[in-house]
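Summary of the model geometry
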Amino acid sequence: MRRYSISMKVFVLFCCLWAVIVEAEYLKYKDPKQPMVTRIKDLMKRMTLEEKIGQMTQIERKVASVDVMKQYFIGSVLSGGGSVPAPKASAEDWINMVNDIQMAALSTRLGIPMIYGIDAVHGHNNVYNATIFPHNIGLATALEVRATGIPYAFAPCIAVCRDPRWGRCYESYSEDHKIVRTMTEIIHGLQGDLPANSRKGVPFVGGKSNVAACAKHFVGDGGTVRGIDENNTVINSNGLYGIHMPAYYDSIIKGVSTVMVSYSSWNGEKMHANRDLVTGFLKGKLNFRGFVISDWQGIDRITSPPHANYTYSVQAGVSAGIDMVMVPTNYTEFIDTLTQLVKDSVIPMSRIDDAVKRILRVKFTMGLFENPLADLSLVNQLGSQEHRELAREAVRKSLVLLKNGKSASQPLLPLPKKAPKILVAGSHADNLGYQCGGWTIEWQGAAGNDLTVGTTILSAIKKTVDPSTQVVSQQNPDANFVKSNEFDYAVVVVGEVPYAEMFGDSTNLTITDPGPSTINNVCGAVKCVVVVVSGRPVVLEPYVDKIDALVAAWLPGSEGQGVADVLFGDYGFTGKLARTWFKSVDQLPMNVGDRHYDPLFPFGSGLTTQPVKMN
Ligand SMILES: *[C@@H]1O[C@H](CO)[C@@H](O)[C@H](O)[C@H]1NC(C)=O
Ligand SMILES: *[C@@H]1O[C@H](CO)[C@@H](O)[C@H](O)[C@H]1NC(C)=O
Ligand SMILES: *[C@@H]1O[C@H](CO)[C@@H](O)[C@H](O)[C@H]1NC(C)=O
Ligand SMILES: *[C@@H]1O[C@H](CO)[C@@H](O)[C@H](O)[C@H]1NC(C)=O
Ligand SMILES: *[C@@H]1O[C@H](CO)[C@@H](O)[C@H](O)[C@H]1NC(C)=O
């Protein structure tokens, strides 16, 4: 009896299995042995309009519930600046969040994996305990992004910032497009080295420790009038193609997977609606085969005021050639509007198919179909000592020494490690948030040392000087205090407080108070080196004569030790200005090569020091 029952069960089980096997027909698109074109073609012919439009939709993680992912076949999810699964979330928390969303995508009819993207623009900057690199230097970012289960970074920014009044100037490598072009090497750092047989324009992502990159913002974002964010770039074709476009040639040759469109306009026409440049030039002339993504609510801003006519926005943006729309929250409105436009034949099916093909091409290239879920194998990479050492090296190499001693024969740097008593002053000496700048944990960045894990410049100095040296630290000492203390020398660290995007637009470019009075109080009384922590050149001319030595530290990130490494001569200064340092803001815009060029410190300047020999 028992026997019979067991074989009965086995028989039933066998029948069930057989049914499953018969039903699981061979799906070409799921077979990694098939060529990619075959896989894309096979998948496309199975997809409904609903599923195709879902692929074109990118939504914010806060609205990406399991139901939404399944019901709308959402193709991509992002973290906006500062959007995290929990405060101080660990790599495991991130992986679990991304995997939950991915499992919802995989459970749909065709099981197309979603692609998760994030603004990792100077290291994996939204994530607690990640290594924060100097802004614009993204070395080793890929591994830390993958460590949290995310395969797509909205970087690099290849803007050519032509006016430092722009709030995003620190996201740009240089005012000189030649420097920006060489920095597109970062694409290999993010995506992996391009194989020898790669074809121009075809996206490439190496493997499980690489991420898809995004060249942004196409095109002319750094050329807006008076540096107003998202505004109008007034320039002729020669200027656009000669200054703002060249880094796109390099990015595409280097296999960049995606390109993000700029909020800005070119001669009054919104880039999000510019078919000639997005479809005609980028996809046509340059043969770009990856996908074009909008910026956050970028299509909404095609109209003025934003969202005034969303139907028009969707029509103009998708017709211009945008393939994936960073909606990011009202996905039903986007999906319904685009669906209607297709049903009304305003947007042809061929345009939708082109978009979906490009998105699938990137997903297949990355191996997302084969490896959709992240595992824990890379979690130790996040904020690892090795990455922090690399960031520290980047800090050392990015500092620019602008002045060293009141005369060349009496240099102040390198500073002696051994001195009876020294002063460290300034609002930025002991503030991790300030030295990391915007796009750090929060979109706008934040103040303080609790923000994430790292070393402030003050604590780096304390670690570097001889144990016998007394380090006195005061943010804004008055002149009498400085005079009465007989310090051997002072280090004054001042600059800008964190900002991002339009919140950083500035017409005065001043050092934040009380920075100027700290410089006056300290440098009037004792030999001083001033370290400027800022996203761009700031007004310095009134103070330069008082200052003995001057260092531009930019936004060095979490590894403040790199600053002390060069101040005290463990390493030499080598950095050169990638930007013109103006005398006064009424000179702006003023860039290298301009006819009227009268800078405080010219483009390319930077003094050097030799490392101090030990023993
Ligand atoms: C540029 O900024 C001005 C002033 O804020 C605004 O009126 C104008 O609409 C903006 N232009 C564009 C193209 O965004
Ligand atoms: C919005 O744009 C659509 C598409 O261009 C157009 O047909 C419609 O008339 C516009 N609506 C309004 C209220 O302007
Ligand atoms: C989304 O858009 C629709 C259509 O414009 C609107 O009715 C709805 O209120 C919006 N929902 C949200 C959450 O903004
Ligand atoms: C930060 O990451 C490092 C390296 O993975 C780890 O050893 C350390 O415990 C982490 N610190 C915090 C505060 O999470
Ligand atoms: C400079 O401009 C910023 C805003 O762009 C403002 O907050 C600040 O007060 C201004 N500083 C001076 C000294 O005018």
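Described in the following lines is the structure provided in the data block. (Residues numbered from 1 in each chain as written. Chains lettered and ligands numbered in written order. Predicted model: local features only at pLDDT ≥ 70, side-chain atom pairs only at ≥ 80, totals over all residues. Heavy atoms only, no water.)

We now examine the packing of aromatic side chains. Geometrically, a pair of aromatic rings is defined through the distance of the ring centres and the angle of the planes. Across all of its chains, the model carries 12 aromatic pairs by this definition. For the ring pair Tyr249 and Phe281, a centre distance of 6.5 Å and an interplane angle of 50 degrees mean the geometry is tilted. Separated by 32 residues along the polypeptide, Tyr249 in helix α10 (residues 246-253) and Phe281 in helix α11 (residues 275-285) bring together distant segments of the chain. For Tyr249, a relative accessible area of 26% corresponds to the partly exposed category. In this structure Phe281 comes out as buried when scored by relative accessible area, which is 12%. Taken together, the aromatic side chains of Tyr29, Phe364 and Phe369 make up a single cluster linked through ring pairs. Note that Arg301 overlies the ring of Tyr263, its terminal NZ or CZ placed 4.2 Å from the centroid. Taking NZ or CZ as reference, Lys421 lies 5.5 Å from the ring centre of Phe487, over its face. (Phe/Tyr/Trp six-rings, centres within 6.5 Å; stacked < 30°, edge-to-face > 60°. Helix = DSSP H or I, 4+ residues; strand = E, 2+ residues; numbered from the N terminus. Buried < 20%, exposed > 50% of the residue type's maximum accessible area, 1.4 Å probe, protein only. Lys NZ or Arg CZ within 6 Å of the ring centre and 35° of its normal.)

The next subject is the state of the cysteines. Under the counting rule described, the total for this entry stands at 2 disulfides. The disulfide bridge from Cys161 ends at Cys169, spanning 2.1 Å between sulfur atoms. Looking down the S-S bond of the Cys161 and Cys169 bridge, the torsion is -105 degrees, so its handedness is left-handed. The disulfide partner of Cys523 is Cys528, and the S-S distance across this bridge is 2.1 Å. Its S-S torsion of approximately 100 degrees makes the covalent link between Cys523 and Cys528 right-handed. What connects to what in the chain, once the bonded cysteines are numbered by sequence position, is 1-2, 3-4. The cysteine Cys157 is free of any disulfide, with Cys161 supplying the nearest cysteine sulfur at 9.3 Å. Residue Cys157 is classed as buried on the basis of its relative accessible area of 7%. Unpaired in terms of disulfides, Cys214 finds its nearest cysteine sulfur in Cys157, a separation of 9.7 Å. (Disulfide = S-S within 2.5 Å.)

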